[in-house]
Each structure stands twice: as structure tokens, then as C-alpha cells.
Amino acid sequence: MMAERGGGRGGGCCPPMDLLRSEPMHLVQVIIPIESAHQTVAYLGDLGLIQFKDLNADKSPFQRTYATQIKRCAEMARKLRFFREQMSKAGLLPSAKSLSRADIDMDDLEVKLGELEAELIELNGNGEKLQRTYNELVEYKLVLEKAGEFFHSALSTAQQIEFRSQQTGEESLDTPLLMEQEMTTDSSKQVKLGFLTGLVPRDKSMAFERIIFRATRGNVFLKQAVLEDPVIDPVSGAKVEKNVFLVFYSGEKAKNKIIKICEAFGANRYPLPEELGKQVLMVTEVSGRLSELKTTIDAGAQLRRNLLQTIAEQYEQWNLLVMREKSIYHTLNMLSIDVTKKCLVAEGWSPVFATKQIQDALQRATFDSNSQVGAIFQILRTKESPPTYFRTNKFTSSFQEIVDAYGVAKYREANPAVFTIVTFPFLFAVMFGDWGHGICLLLGAMYFIIRERKLSSQKLGDIAEMTFGGRYIIMMMALFSIYTGLVYNEFFSVPFELFGRSAYVCRDLSCRDATTAGLIKVGDTYPFGVDPVWHGSRSELPFLNSLKMKMSILLGVAQMNLGILLSYFNAKFFRSSLNIWFQFVPQMIFLNSLFGYLSLLIIIKWCTGSKADLYHVMIYMFLSPTDDLGENQLFVGQRNVQLVLLLLALVAVPWMLFPKPLILKKQHQNRHQGQSYMPLHGTEDTLQLDAAHDSHAHEEFDFSEVFVHQLIHTIEFVLGAVSNTASYLRLWALSLAHSELSSVFYEKVLLLSLGYNNVLILVVGIIVFIFATVGVLLVMETLSAFLHALRLHWVEFQNKFYEGDGYKFHPFSFSLLGDEEE
């Protein structure tokens, strides 16, 4: 009833955006004829305002009606992924200019994708074969050249030795094996030497040589030549540094052993003619074949590139169509088939305001599919908790994500994101108060905002993607940092007299002198923010510490009060008077009796200029509340007020603890009173049913469990009131740390380098200052302040009212397909 009333309040199909409460939802049922089911789900996917329930959860994916169609779409998706991999290897990107909706028949697309895949696989196979042959010929040419040099040098050496031996009539020890073989006169004793040539990877060459030597017991002659440039291996296709080898052996057994060793070491063998003339002819022939192959490979590569270019022009359109089709059939598989098998029944959650749009989409689908029967739309009654749906825009979505990271709001619960839009960047800025650093942050945020249309369509890195997503948060943090920086009067830790002259002068010649007694006020109070003369004086730290510490307590108490106030609006919205009287009221009394009173004392002390010690006041308010306050008295009747507040705080604790469980127990007993003694109106079965129902209802309420839960909640609030208030002091601590770090970098780096009167030292000092400012203050300090502000919202603020046990509304929408695919 309440959800319906909330939905009707907006009027029309699109009520104004309301971030405080999630959109009213209802459970709808749609009965769709089989012939228009595909078209209906497609139009509902375009609309993107209904979250379908899986009515076939008990069935496996293979038992569902449209399993064959999903398998078909998955196969087309596989082919498209194959095309994308091939385009990526070729350095091509899918064209985004053809994203217009076109009527493409899925059967035609399936045939076309199959033909394109077959053609591409054939081109790839032919290209790989040709490339392998080309690489083999390149290696063969190198072997011919290097091994030919071996034979040529051996022949020239042999001729010289033969010439010398003819003159002397003697054989020399330097006579080559081939020449000895030829010079042997006795043909019966002649030994025929064979040889093998090829290439071996350089990193394996030493082991290769050693293994051959051992396997043949040294009965080989092996020579290697180093190739200057790496060559492409025909098998692996990778560039490898290789050596050309030439092995002389004797006998078939040695040959077989060497061949096996070559295969084990990945050494490619190539035939080499013995005659030098044939070697020269072979080199010429191989060079010619290489030239022909190069031309053929280039032509094939161009043909393949043209094919991929054609695919790239249509790729995005095909991919979107296949993803849409697959998601439609996935959704259809979630619907249950009527017993007549002539219609599908769908159930799902949708916002109340979308009812008219859904009905229009159903009528349009019936008309476009030429169905004789229209779809039936009806609203169901249910006790299930609906999903939570907030309509956000590009500005509010990032703040909503901060809240959702803690927990999704319960249905119709007050949404902290409304207040987080202001309080989150403000608390960040309290810790990051420097308007120079704020301007730097703002420039970075504006870069992302100005180029958001271009950057949103690109794939960024993880850190860049996160920064881009939070660009509006960073902008707000920067604007608030500029404001708080002006309040603190800090520009890279340097104060400026922007809003007028300082109200103080130094008592001595220098405020930094150790003998300085303090400052003298000679003019009107500085109009806005901290007076610039405080910076650098002896009183700077005591003054700023006192100011920022008290300010942190004021901000913390104010935000915690806001959280408790929101718990009142939640209780009022859900009509829970128990939570108003026995949770909201005692919590407000307890918090403000102690820390609300402390905040009041801080304001009175600021206004009156009193020197009262607030630590002393708060401590002795508990230890000895009846003692006279003396000089710590800030107003008349303070002791009596403190006694009353202390009494109220003590009363608030049992007020929170006892009444609520007792009242819940009484209400439960009243609801079920006399049910066990109702007159019988039916058979014995009715009696058993009623008795079972009664016992089950009584078991649902456990007083001890409710009481323990309330006890935990009360203890948590009482202790949390102290710890949470103290937790807000991090605003003071981080603000002080940021200010002091900024001051150190300015004084110990920039000013120190200026004092040397040296251009080189000055340039180095400026570079170090810039890197220190960016790296430490604009990155690390920003992240630190962000995380602390996040903790203050999640723990100190949201635990006062926010349950966060809901679940998000995930509609079936084609606009979300790209995100899901990634």
C-alpha cells in the first residue's frame, strides 16, 4: 500500500528523481504467446526496467527450452572472438561507425560467419605453410653459403698442400680428409666419408658438439660457423640465434646416431651437394624461389588484411547482435512454459512508474510479431522483499557507489548518498585544507570531466579507470578543499592576506624569536578564516590545534545527530512507533546529554573567551558532579544543568534496553491469544493444521534472542557514542599532518634552495618540491584523507540508521551487455 501510494505521488510515467527513498517496486506477471515471445523480450530489453525471476531454477541449462539456440549463439560468439584475436594480431581495431541497428537475419549471419571463418582459417593455414617454407629456404641458403665456404677453403688448402707435396714428394700432416681420400691409390682400402649440414641453436651448440663426439667415440669431424643475425625458426616461428654445422662421419651407424642427435637438439638438417659448381647453382635456385615465395606471401597477407578489414567494419554490429540474441534466449529460458505449450509465463520486479512503458512495449511486440493474442500483464501480491533501485545520473552515481560498497540499502530505507554528496567531500576537505592543493586537484578533475565523452569510450588502466569513475567526487573534494584552505589560510602552507590586513602585530622585532611574548591585536578581526599572522608564530600550533580539535568534535556530533535523526524518519516511514519512542528518543537524549553538551560548552567558550578547562569540566561531571566548578564555570547554574544531563544519560540506557523487548513480547502474546482454544469448524485435519500453525508462530518469537539483540545494540550505541566522537578527532590529526608536511616541503626544500643563490640548486630544489608535492601531498595524502572520510561515513554516520541489507535491482537491459561482457 505504501509503495503504491509513493508511486502515485509522482504522477505520470516518469516521476521526479528522489534519491532519499528507493523507487517503489512491484512484482509483475506477464503471460506471453509463444509466437511473440522473442519480440516481447527484445522490446523489454530495450526498455531495461524489469528484473526477471528464474522460474526454472530446478532445471539444468541443458534441460531448458532454448538450450539449442543458446549453443548456436555461443558458437557465433566464439567465431567473433576468433575474428577479434586475428584483428588484434594484425593491428586492426573494430570500426565503431556501423553501430546503427540493422535488420540482419540470424540464419544469414550464422552462414556468413561460418564462411568467413573457413576462409580466414584457410588463408592462415596457407600463409603459415608458405612462411614455414620461406623460413626453411632462408636457412637453407645460409647453410649453402656457410658450408660452401668450408668446402671452398678446404679445396684451396688441399691444392696448396698438393702443390707442396708434388715438389717435395711427401704427404703432409695438414692434408685434408677429402684430399687424403682422393689420394688413396688402393681402391679396396678407400673409406667413403659422408657429411651432414644444418643449423643448431647457439645456446645448444656446445652440448650438441659434445654429445656427437661421445656418441661416435670421436670418429667425426665437426665444424661450426656463427651466424651474425638471428634467423626465424621454421617450426616455432620465433627468432633464434643459430650456428651452421658441418659433420663428417664414416659409416651408416654413425650417420643414424648423428641424425637422432640432430632431432633431439632441434637442429634442422639440409642437403648439400659435394661439387662446388652444384652448390653455386643451388644458391641461385634457392634465391629465385625465395623471391617468388616473398611475392606470394605478400599477396596472401594483403588478401588476409582486406578480409579482416571487411570483418572489422561490421564486427561491432555483429557482436552486439549476437550478444542481444544470446541474452534474449537466456531470459526466455527463465520463463516457464504453460501446460498448453502455447504461451510463456514471466515474473519479475519492475518500478511502479514503469508500468505504462512496459504495457506499451507489450502492445508493440504483439503488433510487430503479427500475433493473434496479446500479452497479459498483471500485478502480483507478495511478501518477498523487493530489490532496491535508485535512479542516478553521472554525477550522483559515483556517490551512490560509495554507499553501495558498504551495503545496498534495504527497500525504501533512507539513502545516505543524498547527504554523502555534501558531507563526504566536506569532511575530506577538513583534512585536506589547502587551496593551492585544492586547485591542483580541481585541474585534474576538470581534465577528466571535459574529456569524459572521449575517455568513456576508451579502455583505461585500473587506476585511471577508477579515477575517471570518481571524477565528480574529486571535483567536489577539490572545491571544498579550496574553501577550507581559504578558512585555514594556506596556499602550499603559505598564508596570504586575501581578505584584508592582519589584526595583529608582533610584540618583538621577530615573531620567530625565542623571547617573543606573543602578539598584540591592533586592528579589526580578520574578516574570513585564520589570521595570516598566526602562521610561523610561537602560538601557531597551540592555537590551530585547539581550533581544529574543537571543530572536529562539533562536526562529529552534528553528523551523528543527523544519523540519529534519519533513524527517526525511517521509523516514521515504516510506521514503527517502538523505534521512535524506545530507540530514537533515548539515543538523542544520551548523545546530546554528553557530547551535545560538550559542543555547547565549546561554542560558549568561543563566544565568551573564557579560559575554562573543558577536559576538567567533562571529567569531573562524572567523577564528582556535585562539586563546585570554580573558575571552570562557563554560565550560571552550570552544575545543576550537568546533574540533570547526567541523570538523563543514565535513564536513557535502560530506556533503550528494556521496554522494546517487553512490548514486542506483549504484542506477540496478544496476537496469538486464544488461538489454541478456537472452536472446531472442520475435520481432524483442520485441527492438526491449526495446531501446527500455532506452534510454528510461537516458535518464531524468541524473547531471549530479541533481548540479547537489544542488549548488544544498546551497548554498541553507548560505547560507540564515546568512541565515534573520539574517532572524529582524525579530522584534526590529518589536517595537522597535511599542514606540517606542506610546511616542511616549502621551508626545507624550496626556501632552502632559494638561499644558495645558485641557479642549478634552485632548479633541483623546484623539481624536488614539485615531485614531493605531487607524490606525497596530492597522491598519498589525498588517498589517506579519502579513506578516513570513507570510514567516518561507513562507521560513525551510517551505523546510526542504515541497515544496508537489501539487494540491487538488476534489470534485463541491452545497454548493460557491454559491461557484463567485459
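Predicted model, so just to flag it, every value in this text is computed and none were measured.

1. Some thoughts on the sheet that holds strand β3 (residues 194–201)
Here comes step 1: Across the sheet, four strands lie side by side as β4-β7-β3-β8; this open sheet has antiparallel pairing. Looking at which strands have only one partner, the edges of the open sheet turn out to be β4 (221–226) and β8 (268–270). In this sheet, adjacent strand axes meet at a mean angle of 25 degrees when their direction is disregarded.
Here comes step 2: As defined by bridge partners, β3 adjoins β8 across three bridges and the pair is classed as antiparallel.

2. Some words on the environment of P273
Here comes step 1: By the secondary structure assignment, P273 is in the loop between β8 and α8 (276–332).
Here comes step 2: Taking C-alpha positions, P273 is 9.3 Å from G148, a pair spaced 125 residues apart along the chain.
Here comes step 3: In contact with P273, not counting residues within four places along its chain, are L144, K278 and Q279.

3. Some thoughts on the pairing of strand β10 (residues 343–351)
Every regular strand shows the same layout, with side chains that alternate between the two sheet faces.
Here comes step 1: Among the nine residues that make up β10, nine are buried, leaving the element largely enclosed by the rest of the structure.
Here comes step 2: Of the two faces of β10, the one carrying C343, V345, E347, W349 and P351 and the one carrying L344, A346, G348 and S350 are both buried.
Here comes step 3: When strand β1 (residues 25–33) meets β10, the two strands line up antiparallel, connected through nine bridges. Each residue of the ladder has a partner; that of I31, found in β10, is V345.
Here comes step 4: Relative to β10, strand β2 (residues 51–52) runs antiparallel, the two sharing two bridges. Across the sheet, Q51 pairs through a bridge with W349, a residue of β10.

4. A closer look at the pattern of salt bridges
Here comes step 1: Counting across every chain of the model gives 21 salt bridges.
Here comes step 2: One salt bridge in this structure joins E452 and K394, with 2.6 Å as the shortest N-O distance. Within this pair, whereas E452 is found in helix α13 (residues 452–456), its partner K394 is found in the loop between β11 (376–380) and α10 (396–406), the two being separated by 58 residues in sequence.
Here comes step 3: Bridged by salt links that share partners, the residues R72, D107 and E110 form one connected network.

5. Considering the side chain of E23
Here comes step 1: Mapped onto the elements of the fold, E23 is located in the loop between α1 (2–10) and β1.
Here comes step 2: On the accessibility criterion, E23 (5% relative accessible area) is buried.
Here comes step 3: When near neighbours in sequence (up to four residues on either side) are disregarded, E23 contacts F353, Y389, R391, Y411 and R412.

6. Considerations on the packing of aromatic side chains
Here comes step 1: Using the criterion set out here, one finds 36 aromatic pairs in the structure.
Here comes step 2: Residues Y568 and F584 carry aromatic rings whose centres are separated by 5.0 Å and whose planes lie at 40 degrees to one another, so their mutual orientation is tilted. With Y568 in helix α16 (residues 540–573) and F584 in helix α17 (residues 577–608), the pair connects residues that are 16 residues apart, well separated along the chain.
Here comes step 3: Look at Y568 and you get partly exposed, because its relative accessible area is 22%.
Here comes step 4: Taken together through their ring pairs, the aromatic side chains of Y406, W794, F797, F801 and Y802 make up a single cluster.
Here comes step 5: The ring of F814 carries the charged tip of R324 above its face, separated from the ring centre by 4.0 Å.
Here comes step 6: Just above the ring of F353 sits the side chain of R391; from NZ or CZ to the centre is 4.1 Å.

7. Section: unusual backbone geometry
Here comes step 1: A positive phi is found at N489, a non-glycine position, where the angle reads about 60 degrees.
Here comes step 2: By the element assignment, N489 lies in the loop between α15 (471–488) and β12 (504–506).
Here comes step 3: For N489, a relative accessible area of 3% corresponds to the buried category.
Here comes step 4: Positive phi, normally seen in glycine, also occurs at S493, with a value near 75 degrees.

8. Digging into the confidence of the model for the chain
Here comes step 1: This prediction gives the chain a mean pLDDT of 86; 87% of its residues lie at or above 70.
Here comes step 2: Contacts of residues 1–17 to residues separated by more than four positions or lying in other chains number 24 contacts, the stretch itself having pLDDT below 50.

The rules behind the values
- Residues numbered from 1 in each chain as written.
- Predicted model: local features only at pLDDT ≥ 70, side-chain atom pairs only at ≥ 80, totals over all residues.
- Heavy atoms only, no water.
- Pairing = 2+ DSSP bridges.
- Helix = DSSP H or I, 4+ residues; strand = E, 2+ residues; numbered from the N terminus.
- Axes fitted to C-alpha atoms, helices over the stretch in contact; angles between N-to-C directions.
- Contact = heavy atoms within 4.5 Å.
- Buried < 20%, exposed > 50% of the residue type's maximum accessible area, 1.4 Å probe, protein only.
- Salt bridge = Lys/Arg side-chain N within 4 Å of Asp/Glu carboxyl O.
- Phe/Tyr/Trp six-rings, centres within 6.5 Å; stacked < 30°, edge-to-face > 60°.
- Lys NZ or Arg CZ within 6 Å of the ring centre and 35° of its normal.
- pLDDT = per-residue confidence, 0-100.

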